[in-house]
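What follows is each chain in one-letter form.
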Amino acid sequence: MNEFILNNKPSHSAILGGHEHNLMESLLMKATKLKCIALSLAIASSFAHAAQIKVDEDTVFKPTGKGFGAVDNDATERAKRSAAKAARVSRTQIVYHGGPVMTNPTKLYYIWYGNWSSYTKAQQILVAFGSGIGGTPAFNVNTSYTSAAGAKVVNNVQLAGQYSDNYSKGKALSDQNILDVVTAAISSNSLPNDPNALYFVLTSPDVTETSGFGSQYCGWHANATIGANDVKYSFVGNPITIAPAGCGVNSPSPNGDGGADAMASVMYHELSETVSDPDGNAWYDGSGNENGDKCAWNFGTTFKATNGASANQTFASRQWLLQQMWLNVGAGSCVQKY
Ligand SMILES: [Zn+2]
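Residues numbered from 1 in each chain as written. Predicted model: local features only at pLDDT ≥ 70, side-chain atom pairs only at ≥ 80, totals over all residues. Heavy atoms only, no water.

- Note on the protein chain: under the UniProt heading Subcellular location (unreviewed entry), the record states "Secreted". (UniProt positions renumbered as here; feature names shortened; annotations may be inferred.)

## Quick word on the coordination of the zinc ion
Next, step 1: Taken together, His269 (NE2), Glu273 (OE), Glu273 (OE) and Asp293 (OD) make up the protein donors of the zinc ion, found 2.0 to 2.4 Å from the metal.
Next, step 2: Here the donor residues of the zinc ion are spaced in sequence according to H-x3-E-x19-D. Of this pair, Glu273 sits in helix H5 (residues 258-276) while Asp293 is found in the loop between strand E11 (283-284) and strand E12 (303-304), placing the two residues 20 residues apart along the sequence. With respect to burial, Glu273 and Asp293 carry one shared label: buried. (Donors = N, O, S within 2.8 Å, 3.2 Å for Na, K, Ca; no water. Helix = DSSP H or I, 4+ residues; strand = E, 2+ residues; numbered from the N terminus. Buried < 20%, exposed > 50% of the residue type's maximum accessible area, 1.4 Å probe, protein only.)

## Concerning the side chain of Asn312
Next, step 1: By the element assignment, Asn312 lies in the loop between strand E13 (310-311) and strand E14 (313-315).
Next, step 2: A polar contact of 2.7 Å, which involves the side chain of Asn312, links it to the backbone oxygen of Leu322.
Next, step 3: The residues contacting Asn312, other than those within four sequence positions of it, are Phe299, Thr301, Thr302, Phe303, Trp320, Leu321, Leu322 and Gln336. (Polar contact = N/O pair within 3.5 Å; in protein donor to acceptor, adjacent residues only side chain to side chain. Contact = heavy atoms within 4.5 Å.)

## Considering the pattern of salt bridges
Next, step 1: Applying the stated criterion to the full structure yields five salt bridges.
Next, step 2: One salt bridge connects Lys171 with Asp206, and the closest N-O pair in it is separated by 3.6 Å. Of the two residues, Lys171 is situated in the loop between strand E5 (157-165) and strand E6 (172-173) and Asp206 in the loop between strand E7 (197-203) and strand E8 (208-209); the sequence distance between them amounts to 35 residues.
Next, step 3: The class of Asp206 is partly exposed, set by a relative accessible area of 34%. (Salt bridge = Lys/Arg side-chain N within 4 Å of Asp/Glu carboxyl O.)

## Comments concerning the sheet that holds strand E4 (residues 106-113)
Sheets are built from strands paired through backbone hydrogen bonds, the pairs being either parallel or antiparallel.
Next, step 1: Here five strands make up an open sheet; going across it, the order is E5-E4-E7-E10-E9 and the pairing mixed. The open sheet has two edge strands, E5 and strand E9 (219-226), and neither has a second partner. When the angles between neighbouring strand axes are averaged without regard to direction, this sheet yields 25°.
Next, step 2: Note that E4 and E7 share seven bridges and pair parallel. Each residue of the ladder has a partner; that of Leu108, found in E7, is Leu198.
Next, step 3: Its contacts with the sheet put helix H3 (residues 120-132) on E4 and E5, and the angle it makes with E4 is roughly 165°.
Next, step 4: The strands touched by H5 are E4, E5, E7, E9 and strand E10 (229-237); relative to E7, the strand with the most contacts, the crossing angle is about 150°. (Pairing = 2+ DSSP bridges. Axes fitted to C-alpha atoms, helices over the stretch in contact; angles between N-to-C directions.)

Next comes the structure, spelled out in C-alpha cells:
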C-alpha cells in the first residue's frame, strides 16, 4: 500500500542544477534500473497469484504495501470491476472500495529514529512541514475524498507530538521493526494511542529499511491494531546518503537541506494516502495506486525559490517542492492545489 516508489522520471533532471547534471543522469540511470527490479517483482507476483486465479480483464488489484498491486480474490471486488468495465470506467480512474477515510482533524506524531543530532536543521524543516501543511490549498486536494456516508476528509492537520527512539531496533529495520517502534512509543505512553493520527517513523541517514528503502521505495504507510485502535503509521527515511537520486534529493533545495526537502514531498505523499485510504480499502485505482501514487514525481509548474531552487508551494513562511496530488473530481487529475 502505498509505498512511494523511486524517482526515475526523466523530468526530474529538469530541476537539477547544471553542473550536477551528468552525475545525476548516471544516478538516474541507476534508479531506472532499480525501478526495473520493481517491475520484475510485480510480474513475478502476478504470476504467483495467477497459479491460484486466472488473471483476466476483470482481475482486481489492491494496494500491497510493497510497490505494486496484488490480485484481489474478493468476488465483490471482481463484480465491481466488471460493472466498472461495463460503465467504461478506465482502470486508471480512482474508485471507492467502501472503507473508511479520515474525516476528523488529523494529528501527526513524529518518531525521530536513530541519531538526528547532526540534522537539527532537517528536523526544523520537517516540524515546519507538519505544523504548516494543514489548511493549505495543497492538503485541500484531499477533501475531494469522502466516506461511505459522504463525509469529506477535513483540511485540518496538527503536529501533536514528537518522540525520539535511540536505535531501539538497531540500524537495519524490517517492516515489523517499524511497527514495533510505533507500538513501543504508544505502550510506554510516550505518545498517545490515537486513531485519528498518523505516526511517522522518520529515520536518520545511517538507518536502512531492509524491505527496500532506496531500492524499491522512499516511504510507505500502513495500519495496525494497537490496543483498541486502528493505528495509522508510516516509514519515511532520510535518503541523503542512501538514495539521493532515487528519492528526490536536489541541490539546491527550497529549504537548503536536500534530505529534509525530499522527505517533505514523501511525507505529503504518505499523509495524503493515509487520509484518503487509511486501511487500504477506500480510494485507489484498478492497479492498486492510491492518490499519491498516481502523481508520484509529478511536480507540475515550478517557480524559483529565494535560494534559486525549484519550488511549487509556499506555506509556514517557507517554500517547498512537493509532488502533485490526485484530485478526485470528475475524471480526476494531478494538481498542486484545490
Ligand atoms: Zn504511495
